[in-house]
Amino acid sequence: MYSLIRYSQMIADKVRMDAHLKALEATVKPGMTVVDLGAGSGIFSLMACRLGAVKVYAIDISNAVQIGRQLTRLNGFEGQVEWIQQDSKTVDLPEQVDLMITDLRGHMPFFRDNLAVLADARDRFLKPDGILLPNRDQLWIALAEAPDNHQRAVSPWGEND
């Protein structure tokens, strides 16, 4: 799980946030229903509401949803965002949605079964003509030898097993 510091680092990443906002602005239409998968503190849920989504299902297993609930209330979207704190594989929504936004990979692209979780949610939550954001991704890696950095990078993965 991410710490509040990690969430704030992701939100403070201008390139990342600008890309997501641009995609949301081009995609969200008034009246849409949305799933924010791996919602964390709910920044994408709030963006979707500001852009006209009538209903957002914000799903995350972490305690960051408590912050998301507060931010939802403070921004006046309490009736539009439904927070669900559980594993998405155990969630049944009352409807399929027009748009699913997710950034499951964050700082840890291959953490646990993120790709399987994404595929399951897409198949169950998204309407047949629904939109998945992002609809593609590019990951750049390079081989390096740095044992201390390696341990810091992989230890969160092992701690959550």
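Per chain, residue numbering runs from 1 following the sequence as it is written. At least 70 in pLDDT is required for a residue's local features to be given in this predicted model, at least 80 for side-chain atom pairs to be given and counted, and no such filter applies to totals for whole chains, interfaces and linings, which use all residues. Computation of side-chain values: all heavy atoms of the structure, hydrogens and water removed.

How would you sum up the sheet that holds strand β2 (residues 55–59)? Please name residues and give values.
If DSSP finds at least two bridges between two strands, the strands pair. What counts as a helix is a DSSP run of H or I of at least four residues, what counts as a strand is a run of E of at least two, and both are numbered from the N terminus. With parallel pairing, the five strands of this open sheet are ordered in space as β3-β2-β1-β4-β5. Lying at the two open borders of the sheet, with one neighbouring strand each, are β3 (81–84) and β5 (126–133). Neighbour-to-neighbour, the strand axes of the sheet open up by a mean angle of 20°, direction not taken into account. In this sheet, β2 lies alongside strand β1 (residues 33–37) in parallel orientation, the contact comprising five bridges. Looking at β2, one finds that Leu-37 is bridged to Ile-59. Strands in contact with helix α3 (residues 43–50) are β1, β2, β3 and β4 (97–102); relative to β2, the strand with the most contacts, it is inclined by about 175°. Axes here mean lines fitted to C-alpha atoms, for a helix over just the part in contact, with angles spanning 0 to 180 degrees between N-to-C directions. Any two residues whose heavy atoms approach within 4.5 Å at even a single point are treated as in contact.

Quick one: what's the story with the pattern of salt bridges, residue by residue and with numbers?
The salt bridge definition used is simple: a Lys or Arg side-chain nitrogen within 4 Å of an Asp or Glu carboxyl oxygen. Under the criterion given, the structure shown has five salt bridges. Taking the shortest distance from any N to any O, the salt bridge between Glu-82 and Lys-55 comes out at 3.4 Å. Separated by 27 residues along the polypeptide, Glu-82 in strand β3 and Lys-55 in strand β2 bring together distant segments of the chain. Taking the shortest distance from any N to any O, the salt bridge between Asp-92 and Arg-124 comes out at 3.5 Å. You can see Asp-92 sitting in the loop between β3 and β4 and its partner Arg-124 sitting in helix α5 (residues 114–125), a full 32 residues away along the chain. The class of Asp-92 is exposed, set by a relative accessible area of 69%. Members of the salt-bridge network, linked through shared partners, are Asp-92, Asp-120 and Arg-124. For the exposure calls, accessible area comes from a 1.4 Å probe over protein chains only, and a residue counts as buried if that area is under 20% of its type's maximum, exposed if over 50%, partly exposed in between.

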